[in-house]
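# Secondary and tertiary structure notes
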Amino acid sequence: MATGKDLTALVQRRDRLRESVQRVQGRLDSARQDFAAVEEECRKKKVDPDQIDTVIARLEQRLEAEVANLTAQLGQAETQLMPYLEG
C-alpha cells in the first residue's frame, strides 16, 4: 500500500518531469526561432536554405581556385623579381 511519503515522492518526481518538459519545450521553441531567422537571412542573400550544402560546396571550390590562382601569381612575381634581388 502506498503511503503518504510514497505519494509525495511521486508527486515531486512528476513535478520535476513537468519542469524538465517545459525547459525542453522552451529550448525547442528557441531553436525553431533561430532556425527560421537563419533561413530568412539565407533568403535575403538569395540563397535557397534547402540548397545550402550545394552553395557551401560551390563556395569552397571557388575559394580553392582563387587561392591556387593567387599562389601562382605570387610565384610568378617572385620569379620575375629574383634577378633584381640577387644582384
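Scope of this entry: the structure provided in the associated data block. (Residues numbered from 1 in each chain as written. Predicted model: local features only at pLDDT ≥ 70, side-chain atom pairs only at ≥ 80, totals over all residues. Heavy atoms only, no water.)

## A look at the overall build of the protein
- Across its full length, the protein holds two helices and zero strands.
- Relative to the globule expectation of 12 Å for 87 residues, the C-alpha radius of gyration of the protein, 30 Å, shows a markedly less compact shape.
- Scored against the burial criterion, the 87 residues of the protein give a buried share of 6%.
- Carbon and sulfur atoms provide 56% of the accessible area of the protein, an area that totals close to 8300 Å².
- Measuring between centres, the 14 positive side-chain charges of the protein sit 14 Å from its 16 negative side-chain charges. (Helix = DSSP H or I, 4+ residues; strand = E, 2+ residues; numbered from the N terminus. Rg over C-alpha atoms; globule rule 2.2 N^0.38 Å. Buried < 20%, exposed > 50% of the residue type's maximum accessible area, 1.4 Å probe, protein only. Areas by Shrake-Rupley, 256 points an atom, 1.4 Å probe, with all protein chains shown as cover. Lys, Arg positive; Asp, Glu negative; His and termini not counted. Charge placed at Lys NZ, Arg CZ, Asp CG, Glu CD.)

## What about unusual backbone geometry?
- Phi angles above zero are rare outside glycine, and Lys46 is one such case at about 60 degrees.
- Looking at the element boundaries, Lys46 is found in the loop between helix 1 (4-44) and helix 2 (52-86).

## Description of helix 2
- The terminal C-alpha atoms of helix 2 lie 50 Å apart, and with 35 residues this matches the ideal 51 Å at 1.5 Å per residue to within 8%.
- Maximum bend of helix 2: about 35 degrees, positioned at Gln80, with proline Pro83 one to four residues after it. (Expected span 1.5 Å × (residues − 1). Bend = angle between axes of the 7 residues up to and from the residue.)

## Examining the pattern of salt bridges
- Inspection of the entire model under this criterion finds two salt bridges.
- Across the salt bridge formed by Arg14 and Asp15, the nearest N and O atoms sit 3.1 Å from each other.
- A salt bridge links Glu41 to Lys45; the shortest N-O distance between them is 3.6 Å.
- Among the residues examined, Glu41 registers a relative accessible area of 45% and is labelled partly exposed. (Salt bridge = Lys/Arg side-chain N within 4 Å of Asp/Glu carboxyl O.)

## What about a nonpolar patch on the surface?
- On the surface, a cluster of nonpolar side chains totalling about 410 Å² of accessible area is made up of Leu81, Tyr84 and Leu85.
- According to the relative accessible area criterion, Tyr84 is exposed, its value standing at 70%. (Patch = residues over 30% accessible without salt bridge, like charges linked within 9 Å, V, L, I, M, F, W, Y side chains within 5 Å.)

## Observations regarding helix 1
- Over its 41 residues, helix 1 extends 60 Å from the first C-alpha to the last, a length consistent with the 60 Å expected when each residue adds 1.5 Å.
- Where helix 1 ends, the next residue or the one after it, Lys46, has phi of about 60 degrees, a positive value.

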